[in-house]
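# Working through the structure, step by step
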Amino acid sequence: MSQTLLITGAAQLLTLGGSAPRRGKALGNLGLVKDGALLVRDGVILAAGPRAKVEAHPEVRSAEKLDLGGRVALPGFVDSHTHLIHAASRAEEYDLRIAGASYEEIARKGGGILNSVKKLRAATAESLKARARAALAKFAEHGTTTVEAKSGYGLDAASELKILAVQQELKSEQSLEIVSTFLGAHVVPAEYRKKPKGADAYVELLAQQLIPEVARRGLAEYCDVFCDRGAFSVQQARRVLAAGRACGLVPRVHAEQLARTGATQLAVEMHAASCDHLEKINRADMRALAKSQTAATLLPGCCFHLGLPRYAPARELIAAGAIVALATDYNPGTSPTLSMPMALSLACTQMRMTPAEAIAAATINAAYALGRQKRVGSLEAGKQADVAVFDLDDYREIPYYFGVNHCWMTMKRGRVVWGKESFQ
Ligand code: NIG
Ligand code: FE
């Protein structure tokens, strides 16, 4: 039996319909419908738009009804950059950083990512899964319906496979969609740092053994590299991404976060799905991104958490015509938040994106960054009914009320996965 649902009472329905991805001025176009409605059958949108128009659909008569009571409805957020699976926080480093130590100083002393690697290797798959499950429930609570998840705190075959296997299990054991990325090239693991040419040896392990195995077992869709000072060089990153590409894994890149290394040019050259961070990007990099199909994913949570003043140049990237997306970068080192509304607040106040641009960057452009723009990221006939409802009068209040979650209900494929009022 098919199930039909009529959703009315959206004082503002942000449809984000039309072409994807959005560049330049089009980024600020939300496709806002006042007194909007959605008709959903079996998790897929049959009609979206003004209430009167949607109610004229023949399937409305047999539909179950849900009234949003004059709230704001928009596509569920697509968080296109997270390090979902980690064993614990790094609160001890938070203290050190507040006392004046920099992120890179802490990393050089064996803290940072290697600290999380030690903790992850010692953790059981069950405990990692339990922690991630709890986090996913919180993602849903904040209006997120699709989550990209990277490995990268294992850095040996067994531990990286353990992370990706947990991600696979979570795909079927909870409601949010998880998109898996292999990030074996996060940093060089401690055991390889002692050997001469250890970094290159580790890159060869990834390229010749681990990437083919991950691909063969269908454990990831994307292959990412942290191409930055203290992590991997452009040459090493190219080797990793090419090996991934040869096995069918689409490239993504962590680029120009700590220093300008040329990682963005590599991402464009490799036709990466996205190039993320970009705090230290230069004008030539921006022009290259603008001419490309690679999304520029900005992660303002990092500068905020690390207390750094130089956010990515969102305004210049938008003006140049790059495909700007926003994500949380949920991770224990640089951005321990899973709140897309908070990422929006930071995008607005620290990078001067408008609330409308920030919302489009966190929905339709983020869906594009994950190759899912045909299925999610907007509310249009034929798309999945992934909806976030905020208990607010105006969409601008989502970033405006920073640090407080006003998400009232979250729906994934037409099913309520989080809500203040139970339904069904
Ligand atoms: O996206 N830049 C590299 N990776 C993460 C940080 C990881 C960590 O510090 O644990 C990031 O910021
Ligand atoms: Fe990251």
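Here, the structure is the one placed above.
Notes on the structure in this doc start here.

### A closer look at the pairing of strand 13 (residues 387–390)
Of the two faces of strand 13, the one holding Val 387 and Val 389 and the one holding Ala 388 and Phe 390 are both buried throughout. Looking at chain direction, strand 4 (residues 64–75) and strand 13 are connected through 4 bridges and run antiparallel. Bridging across to strand 13, Pro 75 finds its partner in Val 387. Across 4 bridges, strand 13 lies against strand 14 (residues 407–412) in antiparallel orientation. Paired with Ala 388 across the bridge in strand 14 is Thr 410.

### Concerning the nonpolar core
Grouped together as the largest cluster of nonpolar side chains are 106 residues, with contacts concentrated most on Leu 278, Leu 326 and Met 353. Residues Ile 7, Val 33, Leu 68 and Val 416 belong to the second largest nonpolar core, which totals 19 residues.

### Regarding the pattern of salt bridges
What the rule picks out here adds up to 27 salt bridges. A salt bridge links Arg 71 to Asp 391, with the nearest nitrogen and oxygen atoms 2.8 Å apart. You can see Arg 71 sitting in strand 4 and its partner Asp 391 sitting in the loop between strand 13 and helix 17 (397–400), a full 320 residues away along the chain. In this structure Asp 391 comes out as partly exposed when scored by relative accessible area, which is 40%. Residues Arg 90 and Glu 93 are paired through a salt bridge, measuring 2.8 Å at the closest nitrogen-oxygen approach. Each member of the pair, Arg 90 together with Glu 93, is buried. Bridged by salt links that share partners, the residues Glu 177, Glu 221, Arg 372, Arg 375, Asp 386, Lys 412 and Arg 413 form one connected network.

Cut-off values and rules
Residues numbered from 1 in each chain as written. Chains lettered and ligands numbered in written order. Predicted model: local features only at pLDDT ≥ 70, side-chain atom pairs only at ≥ 80, totals over all residues. Heavy atoms only, no water. Buried < 20%, exposed > 50% of the residue type's maximum accessible area, 1.4 Å probe, protein only. Helix = DSSP H or I, 4+ residues; strand = E, 2+ residues; numbered from the N terminus. Pairing = 2+ DSSP bridges. Core = buried A, V, L, I, M, F, W, Y, C linked by side-chain atoms within 4.5 Å. Salt bridge = Lys/Arg side-chain N within 4 Å of Asp/Glu carboxyl O.

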